[in-house]
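Residues per chain are reported as follows:
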Amino acid sequence: MGNNLLNVWATVGSVALAVLMLLVMITVHEFGHYVAGKILRFKIDEFSIGFGPALFKHRNKKSGELFALRLIPLGGYCAFAGEDGLEEDKKKQEAEPFGELKEEAAAPQEPVAAEEKKEEDKSGYFTRKKPWQRIIVLLAGAFMNYVLAVLLIITCFFAYGQTMNKITGIAPTENSAELTYSFQEGDILLKVAGRNIYMATDIASAINYKKAGDMVEFLVGRDGKEEKISIMLREDVVVKNSSAMSTVWKALGVGIEEREDGKKYFMLTDEAYRFGFFETLGRSFAYSGKIAGSIFRVLGELLTGKIGISSLGGPVTTITTTSKIVSMGFRYFLEIAGFIGVNLAVFNLLPIPALDGSKVVFTLIEWVRGKPISRKVEAIIHGVGFILLLGFAVLVDILQFVL
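A quick note: this is a predicted structure, and the numbers were derived from the prediction, not measured.

**Observations concerning the overall build of the protein**
Summing up its helical and strand segments, the protein has 13 helices and ten strands in all. Evaluated residue by residue, the protein yields a buried proportion of 39% over its 403 residues. Carbon and sulfur atoms form 62% of the exposed surface of the protein, whose accessible area is close to 22,900 Å².

See the structure below:
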């Protein structure tokens, strides 16, 4: 009973830590928007952590900005004054039919000065700012996510080392050549065909479409030293998508074991491997780039049908998976936090309605045309995009439990 209770509390703690991690990442993203907005003198109405009813509120008397901590810890926002531009569109429509008459009648009168002063008060409104300023503010959130992610990756790599694949068993074979040109138990995979290994997909890319009997050069960590070895492929390699790694491990002669749950697994584990100072620093940035590239690769495979929608996960799946990884130790916490940070940065820059990337596209169009697309039309597009994104997130979570 006591052990079961401890396991429950450990699970609850891991989930809470996973939720907190996501909340911090999103808060950092919105803080990026906030800092850039303050530097460029945008008027900010509210900076909120979380959604729903406010647990805590404070209004800055000088700037009028509202700071709030809200009940649902799955997001946050930085609300800029006049961000949707709908008020501006409405006034423009009202003025257009009699615009010239209004200007002529108002010219000699005092109220015009008051109106000009009102316009001057709105100089900090989002849509009144220059396009390049808005683009900087929109990009600042993803930039902050990426900076935090890289710092977490650097911290992890220096404190623990980079997580690499380690072979714990070799598949038997009657081919003497395959035995000669084979891995040994305990080998840590560092490079393949002269290229650094950051993810298992790097190995797949290096040997894809090679034939059984082909030789592939690896750099491995063995008995505390680094050695170059040649591996003879045992099977033809055809990798259809980024999740189909079984053909790679079979071709490399990695052993397979059946565990207590009755399922078969490749005899692989992961191990933190330390590199020199400058190599560690370089690998930290390169690894962040690899994470970003993997996002585009998965999206491409999804669009081309190489992977199904059930391969993805929404917020619930993300929190569940993250909590399991977090429970494995602080090294894994740093790794998954860095991974999620890069994911958030890249995903927010995609030109999908409701995301920052889409807003950047609309701003660029306005910059080129010299005038914006109807603010009302843009607001509708972003609104529909948000609903579709929310629906998609719920759908992929449901598919994880159904399929």
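**Section: the nonpolar core**
In this structure, Ile-207, Phe-218, Val-248, Trp-249 and Leu-252 are the most contacted members of the largest nonpolar core, which totals 31 residues. Sequence-distant contacts of Trp-249, that is, excluding residues within four places in its chain, are made with Asn-165, Leu-189, Ala-200, Ile-203, Val-254, Phe-266 and Leu-268. Membership of the second largest hydrophobic core comes to 25 residues, among which are Val-19, Tyr-287, Ile-295 and Ile-319.

**A look at the packing of aromatic side chains**
Any pair of aromatic rings gets described here by the distance separating the centres and the angle formed by the planes. On inspection of all chains with the given rule, the structure shows 14 aromatic pairs. Taken together, a centroid distance of 5.7 Å and an interplanar angle of 70° make the contact between Phe-42 and Phe-80 edge-to-face. Of this pair, Phe-42 sits in the loop between α1 (2-39) and β1 (44-59) while Phe-80 sits in strand β2 (residues 66-80); the two residues are 38 residues apart in sequence, bridging distant segments of the chain. Each of the two residues, Phe-42 as well as Phe-80, counts as buried. Linked through ring pairs, Phe-31, Tyr-34, Phe-47 and Phe-67 together constitute an aromatic cluster. The side chain of Arg-283 reaches across the aromatic face of Tyr-198, ending 5.3 Å from its centre. The ring centre of Phe-275 lies 3.9 Å from the NZ or CZ of Arg-283, which sits over that ring.

**As for the pairing of strand β6 (residues 215-222)**
The buried count for β6 comes to six of eight residues, which makes it a mostly enclosed element. With four bridges joining them, strand β4 (residues 188-192) and β6 adopt antiparallel strand pairing. Counted as the bridge partner of Val-192 is Phe-218 from β6. Pairing between β6 and strand β7 (residues 225-232): eight bridges, direction antiparallel. Among the inter-strand pairings, Gly-221 is bridged to a residue of β7, identified as Glu-226. Linking β6 back to β7 in an antiparallel pair, the connection comprises two residues, with Asp-223 at a positive phi of about 55°.

**A short note on the side chain of Lys-129**
Here Lys-129 lies in the loop between α4 (111-121) and α5 (131-159). No salt bridge is formed by the buried Lys-129; the nearest opposite charge belongs to Glu-65, separated by 12 Å. In contact with Lys-129, not counting residues within four places along its chain, are Leu-40, Arg-41, Phe-42, Ser-123, Gly-124 and Arg-134.

Parameters and conventions
- Residues numbered from 1 in each chain as written.
- Predicted model: local features only at pLDDT ≥ 70, side-chain atom pairs only at ≥ 80, totals over all residues.
- Heavy atoms only, no water.
- Helix = DSSP H or I, 4+ residues; strand = E, 2+ residues; numbered from the N terminus.
- Buried < 20%, exposed > 50% of the residue type's maximum accessible area, 1.4 Å probe, protein only.
- Areas by Shrake-Rupley, 256 points an atom, 1.4 Å probe, with all protein chains shown as cover.
- Core = buried A, V, L, I, M, F, W, Y, C linked by side-chain atoms within 4.5 Å.
- Contact = heavy atoms within 4.5 Å.
- Phe/Tyr/Trp six-rings, centres within 6.5 Å; stacked < 30°, edge-to-face > 60°.
- Lys NZ or Arg CZ within 6 Å of the ring centre and 35° of its normal.
- Pairing = 2+ DSSP bridges.
- Lys, Arg positive; Asp, Glu negative; His and termini not counted.
- Salt bridge = Lys/Arg side-chain N within 4 Å of Asp/Glu carboxyl O.

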